[in-house]
Amino acid sequence: MKILKDYNLKDLNTFGVDVKAKFFTEINNEEDLAELFVQEEFKNNQRIFLGGGSNILFTKDFDGMVVLNKLKGIEIAKEDFENVWVRSFGGEFWQDLVTFIVNNGYWGIENLAFIPGTVGATPIQNIGAYGVELKDILENVEAFEVETGKNKIFSREECELGYRDSVFKNKLKGKYFISAITLKLSKIPKPNLSYKILKEYLEKPASSADGNKIKINSPKDISDAVTFIRQNKLPNPKIIGNAGSFFKNVFVSKEQLSNLLKVFPKMPYFEEDKVIKIPAGWLIEQCEWKGYKVGNVGVYEKQALVLVNYGGATGGEIVDLSNKIIKSVKEKFGLELIPEVNIV
Ligand SMILES: Cc1cc2nc3c(=O)[nH]c(=O)nc-3n(C[C@H](O)[C@H](O)[C@H](O)COP(=O)(O)OP(=O)(O)OC[C@H]3O[C@@H](n4cnc5c(N)ncnc54)[C@H](O)[C@@H]3O)c2cc1C
């Protein structure tokens, strides 16, 4: 295993922030991993695991070790008449896993198409999109404890998955390296069209003025639709630096909601898993941030939840902008925006 010094991370984070890691290494196989845990540079410094760098914002050079996960491999672990269990190593790109699964005709993952990043990072924030979260298909997570190098399998329950949240973001933060996950998919068609935008898109394709429904024959049809919608809504990090949604949607109580609706009758909200959420993008838009640009940073013109680096921005500039947004939303609505992105 090679340990590099003062390694530039600009191409390894989708914000494209130009920072360095004091030490840097890649994990290509389980032997690398075993070696890693005994390295002095690893043991005696702060460390961070990195996948695709699509949910992280570096605000300064990292004074420790960055470990890039490149563990590859996807396999069908077991199957029965109804289900199939697919195991993937953590360094696989999530989209490659989605493609493998939908091309095989298995259901469950298709709404999560086109989310950047690696498989190993997906349990960290319980990725979610278009009415589905990782928790709906996750069977287990294989991980190594950083302090001891010991391997542990976490059941879905042990991962404590919540809205953009997990045990790995809370009490086990930084304590485990996720090496692989297993997903449970369905062989029986189970299209999930609970998400309004997706349903509308599938029911009224642009090509059919009469609103003829697209016939959904396979999970790939749905993943293609999701990909199409996403490509038109979100900036491509290869062109404009960003990390997707910068903030989480905001939880409110029933009482808070009814008070807010008295003042802001048009405020949208939705109820999911017995909690009420206000779309953070709407709050930001109401504070007139959408399309805002200052220096090298801004708020994406098509989606107020996405902060962007127009080129050359520092992590500090992006955090400053996010703090201003948090303050204005607090002043107007009395609500606290919480970043979804991991700020380092
Ligand atoms: C354009 C765009 C759209 C997006 N859309 C969505 C979306 O729809 N839904 C959604 O949920 N997210 C979305 N995201 C956010 C992001 O893609 C996901 O959170 C993704 O899972 C992050 O993967 P990553 O490999 O890039 O993680 P990284 O950014 O590399 O890491 C994220 C965090 O996980 C930790 N980590 C990474 N790998 C490991 C590991 N193997 N073991 C332990 N810790 C690890 C890191 O230390 C860091 O704290 C989007 C991002 C972008 C840029």
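It should be emphasised that the depicted structure is a prediction, and the values quoted were computed from it without experimental measurement.

Asks: Hey, could you run me through the packing of helix H3 (residues 94–103) against helix H5 (residues 219–233) in this one?
Replies: Any two packed helices are characterised by how steeply their axes cross, that is the angle between the axes, and by the distance between the axes. Between H3 and H5, whose axes approach to 8 Å, the crossing angle comes to 145°. In this structure, H3 meets H5 at a crossing whose hand is left-handed. Where H3 approaches H5, its residues Val98, Val102 and Asn103 are matched on the opposing element by Pro219, Lys220 and Ser223. Classifying every residue of the contact of H3 with H5 by side-chain character gives three nonpolar, two polar and one charged.

Asks: Sorry, what's going on with the site of the ligand here?
Replies: Taken together, 32 residues sit near the ligand, with Gly51, Gly52, Gly117, Gly120 and Gly244 positioned nearest. Looking at the shell around the ligand, the elements that each hand over two or more residues are strand S3 (46–50), strand S8 (128–129), strand S12 (176–186) and strand S13 (241–245). For the shell around the ligand, the residue count by class is 15 nonpolar, 17 polar and no charged.

Asks: Would you mind showing me how to read the domain arrangement of the protein here?
Replies: For interface size, the figure often reported is the accessible area lost on association. For the protein, the assigned domains are domain 1 (4–69), domain 2 (74–186), domain 3 (196–233) and domain 4 (241–249 + 280–343). Measuring from the centre of the C-alpha atoms in domain 3 to the corresponding centre in domain 4 gives 29 Å.

Asks: Can you walk me through the sheet that holds strand S18 (residues 297–299) in this structure?
Replies: Here four strands make up an open sheet; going across it, the order is S13-S19-S18-S17 and the pairing antiparallel. Taken across any chain shown, the strands that pair with only one partner, and hence form the sheet edges, are S13 and strand S17 (293–294). In the sheet, S17 pairs with S18 via two bridges, with the strands oriented antiparallel. Bridge pairing links Val294 to Val297 in S18.

Asks: For this particular structure, what's the right way to read H5?
Replies: Turn by turn, an α-helix covers 3.6 residues, leaving residues three or four places apart pointing in a common direction. Between its terminal C-alpha atoms H5 stretches 21 Å, which fits the 21 Å expected from 15 residues at 1.5 Å a residue. Considered for burial, the residues of H5 that qualify are Pro219, Ile222, Ser223, Ala225, Val226 and Ile229. One side of H5 carries all its buried residues, which in axial view fall inside an arc of 160°. Opposite the packed face of H5, turned more than 90 degrees from it, sit the exposed residues Gln231 and Asn232. In the core, the buried residues of H5 are packed alongside H3 and helix H4 (196–203).

Asks: How should I be thinking about the sheet that holds strand S10 (residues 138–145) in this particular structure?
Replies: Note: strands within a sheet are paired through backbone hydrogen bonds, in either parallel or antiparallel orientation. Spatially, the five strands line up as an open sheet ordered S6-S7-S12-S10-S11, and their pairing is antiparallel. Looking at strand neighbours, the two that pair on one side only are strand S6 (74–79) and strand S11 (151–155), the edges of this open sheet. Averaged over all pairs of adjacent strands, the angle between their axes in this sheet comes to 25°, without regard to strand direction. The pairing of S6 with strand S7 (residues 83–89) spans five bridges and is antiparallel. Looking at S7, one finds that Ile76 is bridged to Val86.

Rules behind the numbers
Per chain, residue numbering runs from 1 following the sequence as it is written. At least 70 in pLDDT is required for a residue's local features to be given in this predicted model, at least 80 for side-chain atom pairs to be given and counted, and no such filter applies to totals for whole chains, interfaces and linings, which use all residues. Convention adopted: a line fitted to C-alpha atoms gives each axis, helices being fitted over their contacting stretch, and angles between N-to-C directions are expressed from 0 to 180 degrees. A run of H or I in DSSP becomes a helix once it reaches four residues, and a run of E becomes a strand once it reaches two; helices and strands are each numbered from the N terminus. Crossings are assigned a handedness: left-handed for a near helix turned anticlockwise from the far helix by less than a right angle, right-handed for a clockwise turn. What counts as a contact is two residues whose backbone-derived C-beta atoms lie within 7 Å of each other. Just so you know the grouping, Ala, Val, Leu, Ile, Met, Phe, Trp, Tyr, Cys and Pro go in nonpolar, Asp, Glu, Lys and Arg go in charged, and all remaining residues, Gly too, go in polar. Here, nearness means that the C-beta atom of a residue, built from backbone geometry, sits within 6 Å of the molecule or strand in question. Either an automatic procedure or a domain database provided the assignment from which the domain bounds are taken. Strand pairing requires that DSSP identify at least two bridges connecting the strands. Helices are assigned an expected span. That span is 1.5 Å times one less than the residue count. Any residue with 12 or fewer other C-beta atoms within 10 Å of its own C-beta is exposed, any with 20 or more is buried, and the rest are partly exposed; the C-beta atoms used are placed from the backbone. The directions from the helix axis to the C-beta atoms are what the arc is built from.

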